[in-house]
Amino acid sequence: IVLLIGGLCLLAACTSLTPAAPSPSVPPASAAEEPVKPVYQFDTLSAQEQFTAEDGTELAYYSYQLLTMSVENMDELAPGEAEAAARNLEGFNGRMESLMEESVARGRALGEDAQELHLLGSAALDYYEETRASCYQAGRLVSVRLDTAGFSGGAHANSYTSSVLFDLGAGQFIDPTQIAEDPEAFRTGAAELLLEQAEALEAHTDFWPEYKDIIARWNEGAVLFDAEGMLVVFSHYVLGPYTMGTVELRLDCEQLAELVGTGGMARLGIG
């Protein structure tokens with residue numbers, strides 16, 4: 001009995017010296033995973049056509065390159081995000097397709113005019129129209145720039161710039177002033193700064209008499225947002241004669257922040 005008791009005590013002592021197996025570790029509670037955001041990409045939407053005489057002489061042509069938007073990671077999006085992304089695609093691409101239809105109709109009318117003039121024996125130069133689109137995504141805003149050049153008779157060719165602004169958060173095209181917390185204060189405040197820049201230009205002496213009113217309505221023209229701030233483009237004939245060329249005025253991010261507020265800068269993905 002004594003030996004049995006001694007053996008049991010020795011076994012207990014050895015057991016107490018054996019290190020205990022580690023308990024399963026419990027991972028710390030982590031914050032909720034960030035939802036996957038749509039990754040937008042832009043490709044070319046193009047249309048072109050050439051018009052010739054019966055003998056093969058080229059009389060006119062048009063070439064349009066607009067944009068179409070798609071989502072690179074649509075399959076990875078949660079249902080709500082996917083629905084919003086699909087809405088954006090429908091709104092953006094619908095507008096681009098509509099612009100393309102209008103452009104093609106204009107280009108074909110140009111070609112028909114050139115053919116009629118050729119039949120009448122006119123020695124006019126070849127008619128043409130070209131549009132090239134580019135875009136920049138700043139936060140939830142996509143600025144699309146449309147540069148158009150062409151000749152449809154007259155002393156020289158002409159060119160102009162237009163733009164559209166798409167809000168990925170709202171799913172629609174907006175007026176540039178709508179990015180600000182106070183749109184009207186943004187319009188008037190930006191007009192003052194743009195006017196100062198314009199009047200500092202050497203060419204301002206050739207501006208049309210109503211140039212101040214034109215600059216005050218800057219948001220109705222070509223307005224683009226990028227990493228450097230806001231760019232406003234006044235094409236030929238807008239502020240002055242053709243010889244003046246295009247006038248571009250810019251507000252940097254610091255000036256923009258004072259005008260659009262923190263909410264506006266957040267829409268631009270800045271700050």
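Residues numbered from 1 in each chain as written. Predicted model: local features only at pLDDT ≥ 70, side-chain atom pairs only at ≥ 80, totals over all residues. Heavy atoms only, no water.

Enquirer: Can you lay out the sheet that holds strand 7 (residues 222-226) for me, pointing to particular residues and giving the numbers?
Expert: Sheet architecture is open: three strands sit in the order 7-8-9, paired in antiparallel fashion. Each having just a single partner strand, strand 7 and strand 9 (247-252) make up the two edges of the open sheet. Neighbour-to-neighbour, the strand axes of this sheet turn through a mean angle of 20°, independent of strand direction. Pairing analysis gives five bridges linking strand 7 to strand 8 (residues 229-234), with the strands arranged antiparallel. (Pairing = 2+ DSSP bridges. Helix = DSSP H or I, 4+ residues; strand = E, 2+ residues; numbered from the N terminus. Axes fitted to C-alpha atoms, helices over the stretch in contact; angles between N-to-C directions.)

Enquirer: Give a detailed account of the pairing of strand 8, specifying residues and quantitative values.
Expert: The buried count for strand 8 comes to six of six residues, which makes it a mostly enclosed element. Sheet analysis places strand 8 next to strand 9, joined by six bridges and oriented antiparallel. Counterpart to Phe 234 in the pairing with strand 9 is Val 247. (Buried < 20%, exposed > 50% of the residue type's maximum accessible area, 1.4 Å probe, protein only.)

Enquirer: Describe helix 2 (residues 79-119), naming the residues involved and giving the relevant values.
Expert: Compared with the 60 Å implied by 1.5 Å per residue over 41 residues, the 59 Å span of helix 2 between its first and last C-alpha is a close match. Just past helix 2, the residue Gly 121 takes up positive phi, approximately 85°. (Expected span 1.5 Å × (residues − 1).)

Enquirer: Account for the environment of Arg 145, with residues named and values stated.
Expert: With respect to the helices and strands, the residue Arg 145 is situated in strand 4 (residues 141-151). On the basis of relative accessible area, Arg 145 is assigned to the buried category, the value being 19%. Along the sequence, Arg 145 and Thr 161 sit 16 residues apart, while their C-alpha atoms lie 7.1 Å from each other. Once you skip the residues sitting within four places of it in the chain, Arg 145 turns out to touch Arg 132, Ala 133, Ser 134, Thr 161, Ser 162, Leu 224, Leu 231, Val 233 and Glu 248. At a separation of 3.1 Å, a polar atom in the side chain of Arg 145 contacts the side chain of Asp 147. Here Glu 248 takes part through its side chain, which lies 3.4 Å from a polar atom of the side chain of Arg 145. (Contact = heavy atoms within 4.5 Å. Polar contact = N/O pair within 3.5 Å; in protein donor to acceptor, adjacent residues only side chain to side chain.)

Enquirer: Lay out helix 3 (residues 183-199) in plain terms, naming residues and giving numbers.
Expert: Given a rise of 1.5 Å per residue, 17 residues ought to cover 24 Å, and the 24 Å separating the end C-alpha atoms of helix 3 matches this to within 8%. Turning to helix 3, its buried residues number three or more, namely Phe 186, Gly 189, Ala 190, Ala 191, Leu 194, Leu 195 and Ala 198. Buried residues in helix 3 make contact with helix 4 (211-216), strand 8, strand 9 and helix 5 (253-267).

Enquirer: Go over the packing of helix 3 against helix 5 with me, naming the residues and quoting the values.
Expert: Contact geometry of helix 3 with helix 5 gives a least axis separation of 9 Å together with a crossing angle of 155°. Between helix 3 and helix 5, the interaxial angle falls into the category roughly antiparallel. The handedness of the crossing between helix 3 and helix 5 is right-handed. Every residue of helix 5 that contacts helix 3 at Phe 186, Gly 189, Ala 190 and Leu 193 is listed here: Gln 255, Leu 256, Leu 259 and Val 260. Among the residues making up the contact of helix 3 with helix 5, the classes are represented as six nonpolar, two polar and no charged. (Parallel < 35°, antiparallel > 145°, perpendicular 65-115°, else oblique. Left-handed = near helix turned anticlockwise from the far one by under 90°. Nonpolar A, V, L, I, M, F, W, Y, C, P; charged D, E, K, R; others polar.)

Enquirer: Tell me what's going on with the side chain of Asn 219, and back it up with residues and numbers.
Expert: Structurally, Asn 219 is set in the loop between helix 4 and strand 7. Only 3.2 Å separates the side chain of Asn 219 from the side chain of Asp 175, close enough to count as a polar contact. Discounting chain neighbours no more than four positions away, the residues touching Asn 219 are Asp 175, Pro 176, Thr 177 and Arg 187.

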